[in-house]
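Residues per chain are reported as follows:
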Amino acid sequence: MKLPIYLDYAATTPVDTRVANRMARYLTFDGEFGNPASINHQYGRSAKSAVEEARGFVADLLGARPSQIIWTSGATEAINLALKGAARNFRAQGSHIVTVQTEHKAVLDVCHALEQEGFRVTYLTVLPDGLVDLGLLDAAIRPDTILVSVMQVNNETGIVQDLTAIEQLTSKHKVALHVDAAQSAGKLPIDLHVSAIDLMSVCAHKIYGPKGVGALYVRDRSTLGQQALIHGGGHEQGLRAGTLPTHQIVGMGEAFRIAADERDRDHRTITQLKHRLWSGLQKIEGTWLNGNLEKSVAGILNVGFAGVDSEDLLLELHDVAVSTGAACSSFLQEPSHVLRAMGLSDERISSTVRFSLGRCTSAEDIDYVLASIRRALHALRCGN
Ligand SMILES: *Cc1c(COP(=O)(O)O)cnc(C)c1O
């Protein structure tokens, strides 16, 4: 049986074959399997140099210095380290944090955990297209605010926040800024060298690298002080202990190196495909777009189908792999908190599908998907 067409790249991407081939060289006895911390012999030193080369690739893509990159197990861990670390480190200066209602659960749940520790958190509402209201952000920052956390690209709607304007506000108020860049690293230009961002979380598996590896960019070590989450061995400047997974790290490095080369081309083709999809969907009666086509990342399109329950639509669309929202909320079965914050009714939210396109999507895939959707909607709306 033919596999369904994969349009769920925002949940995860396949590992690029070039990345997988490189990773395979860091596992077996005839490869570089040493412990990167065992620098007193050749096996360890080879592994360490592979880890450092990968750190350089990640740093290059972000416009950072290699010493500012801390390896983690993914963006979720990087976000935990960034927010808990900065909050606890700045506790003496204040206990107020500002974030946005449309953030990923990895940020929102960490903020809820920090509230249990006595921090106070303001969760900003957004404008109807999902952009942060800069006036509200400016007004929310108080003398006891120590940290602001905003994502660059939203994983459900693809909306791209105006980081330059947000950085200006956090700089003006002298408040630390964390950016969740899990959906934007390797897709949008990022130059941390000339930015006021203090902390940035990234991962490999949204950009054709392996799952289970990510990194935290730390502009200035003093932002986190001694606030590690995982202790034991002092790896990664004392911020994240544990034997480094060489193959995962090499995979992330390779994925970021490839993204630096191919980002512009991918951006152009995927943008064209997204427009092809949207122009086809627009011709179907009762469809609407959540977010903003021009202010969103190339690969994500969030669309509503009036009068149709998206769970039913997905069942009918068995030859297309899409999702009704974020992968992590789809098992929670609650209406999207992102669309809710944008002011959508629960009824409209329940009619929404997220399409996310990537490097392996073709124009034929899009045409096939459009035909499948027309067929599925006809079946659902006409009841046969
Ligand atoms: C996927 C994702 C995360 C979590 O990343 P993991 O590496 O899977 O832990 C966090 N934030 C956003 C916006 C994401 O899309």
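Use the structure listed above.
The rules behind each value
- Residues numbered from 1 in each chain as written.
- Predicted model: local features only at pLDDT ≥ 70, side-chain atom pairs only at ≥ 80, totals over all residues.
- Heavy atoms only, no water.
- Pairing = 2+ DSSP bridges.
- Helix = DSSP H or I, 4+ residues; strand = E, 2+ residues; numbered from the N terminus.
- Axes fitted to C-alpha atoms, helices over the stretch in contact; angles between N-to-C directions.
- Contact = heavy atoms within 4.5 Å.
- Near = heavy atom within 4 Å.
- Polar contact = N/O pair within 3.5 Å; in protein donor to acceptor, adjacent residues only side chain to side chain.
- Parallel < 35°, antiparallel > 145°, perpendicular 65-115°, else oblique.
- Left-handed = near helix turned anticlockwise from the far one by under 90°.
- Nonpolar A, V, L, I, M, F, W, Y, C, P; charged D, E, K, R; others polar.
- Patch = residues over 30% accessible without salt bridge, like charges linked within 9 Å, V, L, I, M, F, W, Y side chains within 5 Å.
- Areas by Shrake-Rupley, 256 points an atom, 1.4 Å probe, with all protein chains shown as cover.
- Salt bridge = Lys/Arg side-chain N within 4 Å of Asp/Glu carboxyl O.
- Buried < 20%, exposed > 50% of the residue type's maximum accessible area, 1.4 Å probe, protein only.
- Expected span 1.5 Å × (residues − 1).
- Bend = angle between axes of the 7 residues up to and from the residue.

A. The arrangement of the sheet that holds strand β8 (residues 214-218) in detail. The sheet built from seven strands is open, its strands ordered β2-β8-β7-β6-β5-β3-β4 with mixed pairing. Only two strands of the sheet have a single partner each, and these edge strands are β2 (69-72) and β4 (120-124). On average, each strand axis in the sheet is tilted by 20° relative to the strand beside it, whichever way the strands run. Running over the sheet, helix α2 (residues 42-62) touches β2 and β7 (199-203) and is turned about 115° from β2.

B. Representation of the site of the ligand. The environment of the ligand is made up of 13 residues, and the closest members are Thr76, Asp180, Gln183, His205 and Lys206. Thr76 has a polar side-chain atom sitting 2.5 Å from an oxygen atom of the ligand. Between the ligand and His205 there is a distance of 2.8 Å, counted from an oxygen atom to a side-chain nitrogen or oxygen. It is helix α3 (residues 75-89) that provides the largest number of residues to the shell around the ligand, a total of three residues.

C. Structural view of the environment of Thr324. Tracing the backbone through its elements, the reader meets Thr324 in the loop between β11 (320-321) and α9 (327-330). Dropping the residues within four chain positions of it, Thr324 is found in contact with Ser310, Glu311, Leu314, Thr352, Val353 and Arg354.

D. A look at the packing of helix α1 (residues 17-24) against helix α7 (residues 246-282). Where α1 contacts α7, the two axes come as close as 8 Å, and the packing angle between them is 150°. Viewed along their axes, α1 and α7 adopt a mutual orientation that is roughly antiparallel. Here α1 runs over α7; the crossing is right-handed. For the pair α1 and α7, contact is made by Arg18, Val19, Arg22 and Met23 and by His247, Gln248, Val250, Gly251, Glu254, Ala255, Ile258 and Glu262, respectively. The class makeup of the residues in the contact of α1 with α7 is five nonpolar, three polar and four charged.

E. Just a nonpolar patch on the surface, in detail. A surface patch of nonpolar side chains, amounting to about 370 Å² of accessible area, comprises Phe29, Phe33 and Tyr43. One can find Phe29 in the loop between α1 and α2.

F. Geometry of the pairing of β2. A two-sided burial pattern is seen for β2, the buried positions comprising Ile69 and Trp71 on one face and Ile70 and Thr72 on the other. Where β2 lies against β8, four bridges are found, and the strand directions are antiparallel. Its bridge partner lying in β8, Ile69 is registered against Tyr217.

G. Layout of the packing of α3 against helix α4 (residues 105-116). Contact geometry of α3 with α4 gives a least axis separation of 9 Å together with a crossing angle of 35°. For the pair α3 and α4, the crossing hand works out as right-handed. Contacts between α3 and α4 involve Thr76, Ile79, Asn80, Leu83, Lys84 and Ala87 from the former and Ala106, Val107, Val110, Cys111 and Leu114 from the latter. Taken together, the residues of the contact of α3 with α4 break down into eight nonpolar, two polar and one charged.

H. Representation of the sheet that holds strand β12 (residues 352-356). Read from one edge of the open sheet, three strands run β9-β10-β12, paired in antiparallel fashion. Among the strands making up the open sheet, the edge pair consists of β9 (287-290) and β12. The mean inter-strand angle of the sheet, taken between neighbouring strand axes irrespective of direction, is 30°. Here four bridges tie β9 to strand β10 (residues 300-305), and the two strands are oriented antiparallel to one another. Bridging from a neighbouring strand, Thr287 pairs with Phe305 of β10. Its contacts with the sheet place α7 against β9, β10 and β12, and it is angled at close to 10° to β10.

I. Broad picture of α2. In a regular helix each residue adds 1.5 Å, so 21 residues correspond to 30 Å; α2 covers 30 Å between its end C-alpha atoms and thus fits that length. Among the residues trailing α2, Gly63 stands out with phi positive, at a value near 70°.

J. How the structure looks around the pairing of β7. The buried fraction of β7 is high, at five of five residues. Covered by surrounding structure in β7 are Leu199, Ser201 and Cys203 together with Met200 and Val202, the residues of both alternating faces. Pairing between strand β6 (residues 176-180) and β7: three bridges, direction parallel. Each bridged residue has a counterpart across the sheet, and for His178 the counterpart in β7 is Leu199. By the bridge criterion, five bridges tie β7 to β8 in an arrangement that is antiparallel. Opposite Val202, over in β8, you have Ala215 as the bridge partner.

K. Molecular detail of α7. Over its 37 residues, α7 runs only 46 Å from end to end, short of the ideal 54 Å by more than 12%, given 1.5 Å per residue. Along its length, α7 reaches its greatest deviation from straightness, about 65°, at Glu262.

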